[in-house]
Amino acid sequence: MPKYQLPELPYAYNALEPFYDEQTVKLHHDAHHKAYVDGLNNADAKLAEAREKGDFSLVKHWERELAFHGSGHILHTLFWESMKSNGGGPATGKIAGMIDRDFGSFDNFKKQFSAAAIAVEGSGWALLCCNPALGKLEILTAEKHQNLTMWGVVPILALDVWEHAYYLKYQNKRAAWVEAWWNLVDWDGVNGRCKCTCEC
């Protein structure tokens, strides 16, 4: 059995309608996310094989594959957990106060996060992260899955802006996807992750 497994969605394929259509959710999860899990397992196996043989001639390649597919798996898992049916609205709980402290207001935060998501070059992510080292929340973007990250941060909210995440319903209108996604944010989940990972 492969070491890493595709996690089940925490809701039905059609649970995020009308903002996130069933066809895209199914394809995104069952095909795209699964490909990252498979790629992670393959890279892990190839690195184990290299250790067994003492042949590290391709270590640069397989380490890159590990970073790409591993980050893709981790971020997609967080992405699914960042949404729920009847979600959205302003932040609630502990995270609401932290957002006000670090961004001035929820409206400021939402505008910056949306702008960051829309501005990602090519394929990537917008992320709300706890940064324990700096004692604050940060909005970061990631190109692909692993580029432009900051050491030590823990992502607690993820928005996928790869075209495969939204192209069937929103075509090339990334801004429309970003705006629709705000109706799905699971603030309870964000609060749960923040309590576990950040003492900001």
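This one's a predicted model, so the numbers in the text were calculated from it and none came from an experiment.

Participant: So what's going on with helix 4 (residues 106–119)? Which residues, and what values?
Facilitator: With 14 residues, helix 4 extends 20 Å from end C-alpha to end C-alpha; this agrees with the ideal 20 Å at 1.5 Å per step. Every buried residue of helix 4 is accounted for by F106, F109, F113, S114, A116 and A117. Relative to the axis of helix 4, the buried residues are bounded by an arc of 160° and lie together on one face. Exposed residues pointing more than 90 degrees away from the buried face of helix 4 are listed as K111 and A119.

Participant: Account for the packing of aromatic side chains, with residues named and values stated.
Facilitator: Per the stated rule, a full pass over the model turns up 20 aromatic pairs. Consider the rings of F103 and F109, whose centres lie 5.4 Å apart with planes at 50°: the pair is tilted. In this structure, F103 and F109 share a single accessibility class: buried. An aromatic cluster of three or more residues is present, and its members are Y20, F79, W80, W125, Y166, Y170 and W177. Sitting over the face of the ring of Y170, K169 holds its NZ or CZ atom 5.7 Å from the ring centroid.

Participant: I'd like a rundown of the environment of G192, residues and numbers included.
Facilitator: One can find G192 in helix 7 (residues 187–197). As for G192 and K94, which are separated by 98 residues in sequence, their C-alpha atoms are 9.4 Å apart.

Participant: Could you give an account of helix 3 (residues 93–103), naming the residues involved and the relevant values?
Facilitator: Every buried residue of helix 3 is accounted for by I95, A96, M98, I99 and F103. Downstream of helix 3 by one or two residues, G104 has phi in the positive range, about 95°.

Participant: So, the sheet that holds strand 3 (residues 154–160): which residues are in play, and what are the values?
Facilitator: With antiparallel pairing, three strands are arranged side by side in an open sheet as 2-1-3. This sheet does not close on itself; its edge strands, each paired only once, are strand 2 (136–143) and strand 3. Within this sheet the neighbouring strands show an average axis-to-axis angle of 25°, counted without direction. Of the strand pairs in this sheet, strand 1 (residues 124–131) and strand 3 are connected by six bridges, and their pairing is antiparallel. Within strand 3, the position partnered with C129 by the bridge is P155.

Participant: Give me the side chain of N131: which residues, what numbers.
Facilitator: By secondary structure assignment, the location of N131 is in strand 1. There is a polar contact of 3.1 Å between the side chain of N131 and the backbone nitrogen of A133.

Participant: Explain the packing of helix 4 against helix 6 (residues 174–181) to me, and be specific about the residues and the numbers.
Facilitator: Their axes nearest at 9 Å, the elements helix 4 and helix 6 cross at an angle of 145°. Remark: the crossing between helix 4 and helix 6 carries right-handed chirality. Across the interface between the two elements, K110, F113, S114, A117, I118 and A119 of helix 4 pack against R174, A175, V178, E179 and W181 of helix 6.

Analysis parameters
- Residues numbered from 1 in each chain as written.
- Predicted model: local features only at pLDDT ≥ 70, side-chain atom pairs only at ≥ 80, totals over all residues.
- Heavy atoms only, no water.
- Helix = DSSP H or I, 4+ residues; strand = E, 2+ residues; numbered from the N terminus.
- Expected span 1.5 Å × (residues − 1).
- Buried < 20%, exposed > 50% of the residue type's maximum accessible area, 1.4 Å probe, protein only.
- Arc of directions from axis to C-beta.
- Phe/Tyr/Trp six-rings, centres within 6.5 Å; stacked < 30°, edge-to-face > 60°.
- Lys NZ or Arg CZ within 6 Å of the ring centre and 35° of its normal.
- Pairing = 2+ DSSP bridges.
- Axes fitted to C-alpha atoms, helices over the stretch in contact; angles between N-to-C directions.
- Polar contact = N/O pair within 3.5 Å; in protein donor to acceptor, adjacent residues only side chain to side chain.
- Left-handed = near helix turned anticlockwise from the far one by under 90°.
- Contact = heavy atoms within 4.5 Å.

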